[in-house]
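Fold and contact review
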Amino acid sequence: MVPKVEPGVLSMLWAVLPQHVPGDVVLTPIASKLNNWCSMVCIIMAIAAHFCCDYHETRLAVIDEDPTMPLFLCFSATMAFYGLVFETGLGICIRIMGLQACDEEDLTLRRRLRLNRKMVIEFSLLSTMYTLMACDMQVVHKGWIAEYYGGHQIVYSFRYIEWVCFAPIVLSISGSLDHAPDGSPRNGLMPSSLLTGIYCIISWQALVVTNFYWSWALIIWAFVSFFVASYEQFYFALWVKDQGASGPVRAAMLTYLVVMLGIYGVVYLLPIQGWISATLENKFYCLGDVSFKIGTSVMLLATNDLANGTEMCRRAQAAADDLQRLIRTASVPILGVDTAGHINQWNMKTEDLTGLSGAEAMGLPLVKMLGESSQAEAQAFVRSALAGDEIGTLETSLYPKGLQELGVASANELRRNKTMLVLSAVPRKDKRGDIKGVSLVGCDLTEVAAYREAEQRKMRFMAVVSHELRSPLYGIIGLLDQLCDTEKQEGPLRTFKLVKTCANRLLDLVMNIMEMATMACTHDGSPAPTKRLSRDQVDLARILDEVVTLVKCTSDQGGRPLVKTSVQLVNEADSLPIIEADTHKCTQVFYNLVTNACKFTMQGTITLAGNVDPEGMWVEVSVADTGKGIARGSLERIFQPFEQEDNSAIRGYQGIGLGLSIA
């Protein structure tokens, strides 16, 4: 059955006596409304009886009739006090251990905290009332209706006060449910819980008012209310027994509560006709109250703890299932090994990368799945993780040459699909905290490795091609020099010089490409180490002067001067010291920077300046121009090979983007 949630305030009447909060469960709407109406009738009858009838006289306590009665009252007060000490101590421990904040955040644990507070209130009330009764600090009435029939009954007012307060608390605890999503408490027995406390009021009035008709009217309506409340409570017990592992225990406890209330009702009627004595009735109430309430407390604790334990197990299992599902469907390869190094975890991404299913991979030694060059390193990596040491990452390849020896059918296919991974290791621990294996989370570098290999091949190709082009160009330039020296006619001489200029430009481009390829990689394709520089005595002022002179005499591809007529190339770095450096590299750097400035400066000045550290630790050379400048977003990119600020096909400037990169 799916619980129905009753709407909020039904009318102004329920605004005066609200019995529902948002989220309360109403299994039987008609019975719930009957409980509400019975509660209102009980209140109206109690008020009317109070003003229309007199109360019977008070008298001495039953102690005078039975000397053993104080023992029963003291026993009840003592047991109630023990229950109070237990619940209070439990609440103090929760606060000392700092669990209150956790309980407030967790809705399941919050219900346990609310139960502790309610039981503290219950035992405080019970121990206080019985202590007052044991000390004879109380109001005791003669039972008027019992005297009317010739019986004898003594009514302890404090006991009825305790019942009025106790019954709604215990029954509301029995009807408590999981909190609503917004954190508000939910209950399924609020109408009948309140009705049970309210009909205890008219039960007390029925015994002490001095009017025959009012007495029986109050008794009859109290029992009618009991049966109406019991119907909702029994119905809730039938529903809750199917709600989880603690459901049967909660249903049994609620049934026990209702049956005990019925027994109390029978004992309540017996002294009226004189079938039992007043002292026997009150002794039954003493023992019944203590055993009833302490038993209820124990059963509530057991039920709540069982429900919480079941909920915690369910959450833990759900979290474990979610984690396994996340690992299984993760977009990165995740694999695991046990303490012997055999695979016990293999997710779908790893299957996709390797072509090896999880069923085939389980139980295989991890080292057989790796490239031979990294097997020893991988074994040390896993051993360190199993020892709990802090480790970095392992770059390896899934390249299993030994799988055929293990009988894996797809080994040939997997070998063709070599996969490069960077693995990080996380130890897996059991419940006792002992390391039982290692989980390896990988990052697929197959595409990165392919990109690196393509870059290396490109650089090797550039180096080979530029080297092969350089020798013929030197030959062509040499032959052109001879032709220019021997040719006397102006026409052919101008043609030879133009061809020589083009050959020099082509040679300059080839040398730049060759320089870049040499810096990017060595001949075997591995990243190049830092190139050894010459240690020359370099006169920076002379080199800068030579660069300025050379640039002023240089022409662009169209035969126009590289330095525009509207631009002044100024060298202000004339007082720089001699330093130890590579002469050729310094010249190349300054030449590339100055020619780049000339290319992008249409008018204004290009200024070379120098600055020397007073302590003689460094020398600074700057090249400043009044050109268009460089966009902030392009500052990093323009120093990469083959990159320019404008890479479009219709850009207005020459070059292939190597000058600044080499510099």
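Predicted model, so just to flag it, every value in this text is computed and none were measured.

**Details of the overall build of the protein chain**
- Within the protein chain one finds 20 helices and 16 strands.
- Among the 663 residues that make up the protein chain, the fraction classed as buried is 41%.
- Looking at the protein chain as shown, the accessible area adds up to about 35,000 Å², and 61% of this sits on carbon and sulfur atoms.

**Quick word on the packing of aromatic side chains**
- This structure, assessed with the given rule, holds 18 aromatic pairs.
- Residues Phe226 and Phe227 carry aromatic rings whose centres are separated by 5.2 Å and whose planes lie at 65° to one another, so their mutual orientation is edge-to-face.
- Using a relative accessible area of 11% as the deciding quantity, one classes Phe226 as buried.
- A relative accessible area of 55% places Phe227 in the exposed class.
- In textbook terms, an aromatic cluster arises when at least three aromatic residues are bridged by ring pairs, as seen for Trp144, Tyr148, Tyr149, Phe212, Tyr213 and Trp216.
- Taking NZ or CZ as reference, Arg159 lies 5.0 Å from the ring centre of Tyr156, over its face.

**Looking at helix H2 (residues 29–52)**
- Along its 24 residues, H2 runs 34 Å from first to last C-alpha, staying within 8% of the 34 Å computed at 1.5 Å per residue.
- Taken residue by residue, H2 has Ala31, Ser32, Asn35, Asn36, Cys38, Ser39, Met40, Cys42, Met45, Ala46 and Ala49 as its buried positions.

**Considerations on the pattern of salt bridges**
- All chains considered together, the criterion is met by 7 salt bridges.
- Of the charged contacts in the structure, one is a salt bridge between Asp242 and Lys241, with a shortest N-O distance of 3.3 Å.
- Relative accessible area serves as the criterion here: at 54%, Asp242 is assigned to the exposed category.
- Of the charged contacts in the structure, one is a salt bridge between Asp434 and Arg432, with a shortest N-O distance of 3.7 Å.
- By relative accessible area, which is 38% here, Asp434 ends up partly exposed.
- You can call Arg432 exposed: its relative accessible area is 71%.
- Among the charged side chains, a network of salt bridges with common partners joins Asp430, Arg432 and Asp434.

**So, helix H8 (residues 190–208)**
- The terminal C-alpha atoms of H8, which comprises 19 residues, lie 29 Å apart, in line with the 27 Å expected from a rise of 1.5 Å per residue.
- Among the 19 residues in H8, 16 count as buried, and that is most of the element.

**Comments concerning the environment of Val155**
- Considering the arrangement of structural elements, one finds Val155 in strand E4 (residues 154–156).
- Setting aside anything within four residues of it in sequence, one finds Val155 in contact with Val139, Val140, His141, Gly143, Tyr160, Trp204, Leu207 and Val208.

**So, the environment of Glu87**
- Relative to the elements of secondary structure, Glu87 occurs in helix H3 (residues 69–96).
- Distance from Glu87 to Asn116, taken between C-alpha atoms, is 6.3 Å for residues 29 residues apart in sequence.

**A word on the pairing of strand E16 (residues 619–625)**
- The sheet contact formed by strand E15 (residues 604–612) and E16 spans 7 bridges and is antiparallel. Looking at E16, one finds that Gly610 is bridged to Val621.
- Taking the residues that link successive antiparallel strands as the turn, the E15-E16 hairpin has 6 residues, and the phi of Gly616 there is positive, at about 75°.

Calculation notes
- Throughout, a residue's number is its position along its own chain's written sequence, starting from 1.
- Selection of residues for local features in this predicted model requires a pLDDT of at least 70, selection of side-chain atom pairs for listing and counting requires 80 or more, and totals for whole chains, interfaces and linings are taken over all residues.
- The basis for every side-chain value is the complete set of non-hydrogen atoms in the structure, without hydrogens or water.
- Every helix listed is a DSSP run of H or I at least four residues long, and every strand listed is a run of E at least two residues long, numbered separately from the N terminus.
- Three labels apply to residues, based on accessible area from a 1.4 Å probe with only protein chains included: buried if under 20% of the type maximum, exposed if over 50%, partly exposed otherwise in between.
- In short, Shrake-Rupley with a 1.4 Å probe defines the accessible areas, and a residue's cover is counted only from the protein chains shown.
- Only the six-membered ring of Trp is used, alongside the rings of Phe and Tyr, when aromatic pairs are assigned; centres must lie within 6.5 Å, and planes under 30 degrees apart are stacked while those over 60 apart are edge-to-face, with the rest tilted.
- Counting as a charge over the ring demands two things of the Lys NZ or Arg CZ atom: a distance within 6 Å of the ring centre and an angle within 35 degrees of the ring normal.
- Under the convention used throughout, the expected extent of a helix is 1.5 Å for every residue step, that is, one less than its residue count.
- Within this document, salt bridges are pairs made up of a side-chain nitrogen of Lys or Arg and a carboxyl oxygen of Asp or Glu, the two lying within 4 Å of each other.
- When checking whether two residues touch, look at their non-hydrogen atoms; a contact exists if any pair is within 4.5 Å.
- Whether two strands pair comes down to DSSP finding at least two bridges between them.

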